[in-house]
Amino acid sequence: SLVLENNSNTYIQFLTPATNESGLLFGDTDNDRGGLTYNHASDFMAFRIAAAERMRIDSSGNVGIGTSSVIGNLNLHGGTGDTASQDVVQTFTRISSTGNRLAAKIRLDHSTTAHADLKFQVKTTASSAESDSYYTDALTIQGSSGNVGIGTSSPTVPLDVTGAVQASGRYLTASGAETTGYQFSGDGGTGMFQPSVNNIGFSTASTERMRIDSIGN
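Just so it is clear, the model here is predicted, and its values are computed rather than measured.

Conventions used here
- Residues numbered from 1 in each chain as written.
- Predicted model: local features only at pLDDT ≥ 70, side-chain atom pairs only at ≥ 80, totals over all residues.
- Heavy atoms only, no water.
- Phe/Tyr/Trp six-rings, centres within 6.5 Å; stacked < 30°, edge-to-face > 60°.
- Lys NZ or Arg CZ within 6 Å of the ring centre and 35° of its normal.
- Pairing = 2+ DSSP bridges.
- Helix = DSSP H or I, 4+ residues; strand = E, 2+ residues; numbered from the N terminus.
- Axes fitted to C-alpha atoms, helices over the stretch in contact; angles between N-to-C directions.
- Salt bridge = Lys/Arg side-chain N within 4 Å of Asp/Glu carboxyl O.
- Buried < 20%, exposed > 50% of the residue type's maximum accessible area, 1.4 Å probe, protein only.
- Polar contact = N/O pair within 3.5 Å; in protein donor to acceptor, adjacent residues only side chain to side chain.
- Contact = heavy atoms within 4.5 Å.

Asker: Would you take a moment to explain the packing of aromatic side chains for this structure?
Answerer: Evaluation of the coordinates by the stated rule reveals zero aromatic pairs. The ring of Phe44 carries Arg56 above its face, with NZ or CZ at 3.5 Å from the centroid. Just above the ring of Tyr135 sits the side chain of Lys105; from NZ or CZ to the centre is 4.2 Å.

Structure (structure tokens):
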């Protein structure tokens, strides 16, 4: 054991040439199985676990986990590949009084080789155990289009909801018979719209078929 004691500030200092690295290494059969190192040439600090760099703080103070090329203040990186093993997952957990693990996840999900979907998942199976099958995709933001899906992981329009929708209020901008405010998927010319103030119109094939005016006619 090494004990340093002082009645003022106490430091362990490593003085190294500006082009070299210094740090603490932990070894068994490997001499660098774990470690905390500082690279003086590029001014970054690295944390090593299982003989590999796992986290880096760069010269700007940005933190990268799983990457040595940090983007933004906190960069979580899943690796290189096109399978679920490379998904980036941030998990939130707590344990209930009955022992169940309550959890939710934000997942950057592999979609194609060009895009990834962002999924918000909740654990809908009550259990103290952990399995991906216990989670439901509550909301998906599609990487290829930016479409948002609720109850579906394959949204085909800007907001795609599968299941019942309940709202305490709503607001739609003015529309016409060709592009109705309330419409059917893939058929913007069929539905309900507002032709003018205090009037409701109904159209099919982009043509107004019926109107209810301000006095109910």
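Back to the text.
Asker: Where do I start with the pairing of strand E7 (residues 88–95) in this structure?
Answerer: Where E7 and strand E8 (residues 101–110) come together, eight bridges link them in antiparallel fashion. Across the sheet, Ile95 pairs through a bridge with Arg101, a residue of E8. Here E7 folds back onto E8, and the loop between the two strands holds five residues, one of which, Gly99, carries a positive phi near 95°.

Asker: Just checking my understanding: could you explain the environment of Thr83 for this structure?
Answerer: Tracing the chain through its elements places Thr83 in the loop between strand E6 (74–76) and E7. Counting along the chain gives 29 residues from Thr83 to Thr112, while the straight-line C-alpha distance between them is 9.7 Å.

Asker: How do you make sense of the sheet that holds strand E10 (residues 135–141) when you look at a structure like this?
Answerer: Sheet strands pair by backbone hydrogen bonding; their relative direction is either parallel or antiparallel. Taken together, the six strands give an open sheet; going across it, the order is E7-E8-E9-E10-E11-E12, and neighbouring strands pair in mixed fashion. Two strands lie at the open edges of the sheet, namely E7 and strand E12 (159–161), each paired on one side alone. Across the sheet, the axes of successive neighbouring strands diverge by a mean angle of 20°, strand direction being ignored. Pairing geometry for strand E11 (residues 148–150) and E12, over three bridges, is parallel. Residue pairing for E12: Ile150 is matched across the bridge by Val161.

Asker: Help me understand the sheet that holds strand E4 (residues 52–57), please; the structure alone is not making it clear to me.
Answerer: With mixed pairing, six strands are arranged side by side in an open sheet as E1-E2-E3-E4-E5-E6. The strands lining the two open edges of the sheet, one partner per strand, are strand E1 (21–26) and E6. Ignoring strand direction, the axes of neighbouring strands in this sheet form an average angle of 15°. Direction of pairing for strand E3 (residues 44–49) relative to E4: antiparallel, over a ladder of five bridges. The residue of E4 that forms the bridge with Ala46 is Arg56.

Asker: Got a minute to help me understand the pattern of salt bridges in this structure?
Answerer: A side chain of one charge can pair with a side chain of the opposite charge when the charged atoms of the two come close. One pass over the structure, following the stated rule, counts 11 salt bridges. Residue Asp32 is joined to Arg48 by a salt bridge in which the shortest nitrogen-to-oxygen separation is 2.9 Å. Of this pair, Asp32 sits in the loop between E1 and strand E2 (34–39) while Arg48 sits in strand E3, placing them 16 residues apart in sequence. Given a relative accessible area of 24%, Asp32 falls into the partly exposed group. Across the salt bridge formed by Asp132 and Lys105, the nearest N and O atoms sit 3.3 Å from each other. Here Asp132 is found in the loop between strand E9 (116–123) and E10, whereas its partner Lys105 is found in strand E8, with 27 residues between them in sequence. Owing to a relative accessible area of 55%, Asp132 belongs among the exposed residues under this scheme. A single salt-bridge network, built from bridges that share partners, covers Asp87, Lys105, Arg107, Lys123, Glu130 and Asp132.

Asker: Just checking my understanding: could you explain the side chain of Asp87 for this structure?
Answerer: Position of Asp87 among the secondary structure elements: in the loop between E6 and E7. Here the side chain of Asp87 touches Arg107 through a polar contact of 3.2 Å, side chain to side chain. Among the polar contacts made by the side chain of Asp87, one reaches the main-chain amide nitrogen of His110 at a distance of 3.0 Å. Beyond its immediate stretch of four places on either side in the chain, Asp87 contacts Gly78, Arg107, Leu108, Asp109 and His110.

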